[in-house]
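# Reading the structure
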Amino acid sequence: MTRKRTRTAPGNRDKKAKETKQRGLSTQILFVQGGGKGVHDEWDNKLVASLEQALGPGHTIRYPRMPRESNPDAGAWTRAIARELGKLSEVARDIRLLGERRR
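Residue positions are counted from 1 within each chain, in the order its sequence is given. In keeping with the model being predicted, local features are shown solely for residues with a pLDDT of at least 70 and side-chain atom pairs are shown and tallied solely at 80 or more, while totals for entire chains, interfaces and linings include all residues. Just so you know, side-chain values use all the structure's heavy atoms and leave hydrogens and water out.

Moving on: the packing of aromatic side chains. Ring geometry is summarised as follows: Phe, Tyr and Trp rings, the Trp one being its six-membered ring, pair when their centres sit within 6.5 Å, and such pairs are stacked at plane angles under 30 degrees, edge-to-face over 60 and tilted between the two. Under the defined criterion, the tally for this structure stands at 1 aromatic pair. Seen in terms of ring centroids, F31 and Y63 are 5.7 Å apart; in terms of plane orientation they differ by 75°. Their pairing is edge-to-face. Of the two residues, F31 is situated in strand β1 (residues 27-32) and Y63 in the loop between β2 (59-62) and α3 (74-87); the sequence distance between them amounts to 32 residues. Three exposure classes are used, based on accessible area relative to the maximum for each residue type with a 1.4 Å probe and protein chains only: buried under 20%, partly exposed in between, and exposed over 50%. Overall, F31 belongs to the buried group, its relative accessible area being 4%. Runs of H or I in DSSP of at least four residues are treated as helices and runs of E of at least two as strands, each being numbered from the N terminus.

Set out below in structure tokens:
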């Protein structure tokens, strides 16, 4: 089954964000950086800043530094991601997980 994507009109998006903020709820996003030397501070931080600006109020982005970013280890990253997911608020209206991959 395919899921239909819908877009929210800008006016409705602002209204929803305002209602969400008033209720104290937010969409929480865990952004997982890509692997590689300097990626957290030199590349993906720009993506996170752009997301924050585009999404606006009602969205909280967590952007933790992953262990050994220049030589990623799947086990260490899995544990780090699990810890970060545990930190996300239980009262969030919505939780999203985003990742970035470098070649």
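The subject of this paragraph is the nonpolar core. Core analysis: the largest hydrophobic core is formed by 6 residues, namely L30, V32, M66, W77, A80 and L88. Those elements that provide at least two residues to this core are β1 and α3. By definition, residues are in contact when any of their heavy atoms lie within 4.5 Å. The residues contacting L88, other than those within four sequence positions of it, are Q28, L30, R62 and I95. Membership of the second largest hydrophobic core comes to 5 residues, among which are I29, F31, V48 and I61. For our purposes a nonpolar core is just a set of buried Ala, Val, Leu, Ile, Met, Phe, Trp, Tyr and Cys residues, chained together by side-chain atoms within 4.5 Å.

Another point: the environment of D73. Looking at the element boundaries, D73 is found in the loop between β2 and α3. Given the relative accessible area of 32%, D73 is considered partly exposed. What D73 contacts, discounting residues up to four positions off in sequence, is R68 and R79.

We now examine the pattern of salt bridges. Each reported salt bridge corresponds to a side-chain nitrogen of Lys or Arg within 4 Å of a carboxyl oxygen of Asp or Glu. On inspection of all chains with the given rule, the structure shows 4 salt bridges. Here E84 and R62 are joined by a salt bridge, their closest N and O atoms 2.6 Å apart. Here R62 lies in strand β2 and E84 lies in helix α3, a separation of 22 residues in the sequence. A salt bridge links E84 to K87; its shortest N-O distance comes to 3.3 Å. Residue E84 and its partner K87 are both found in helix α3; the two are separated by 3 residues, about one turn of the helix.

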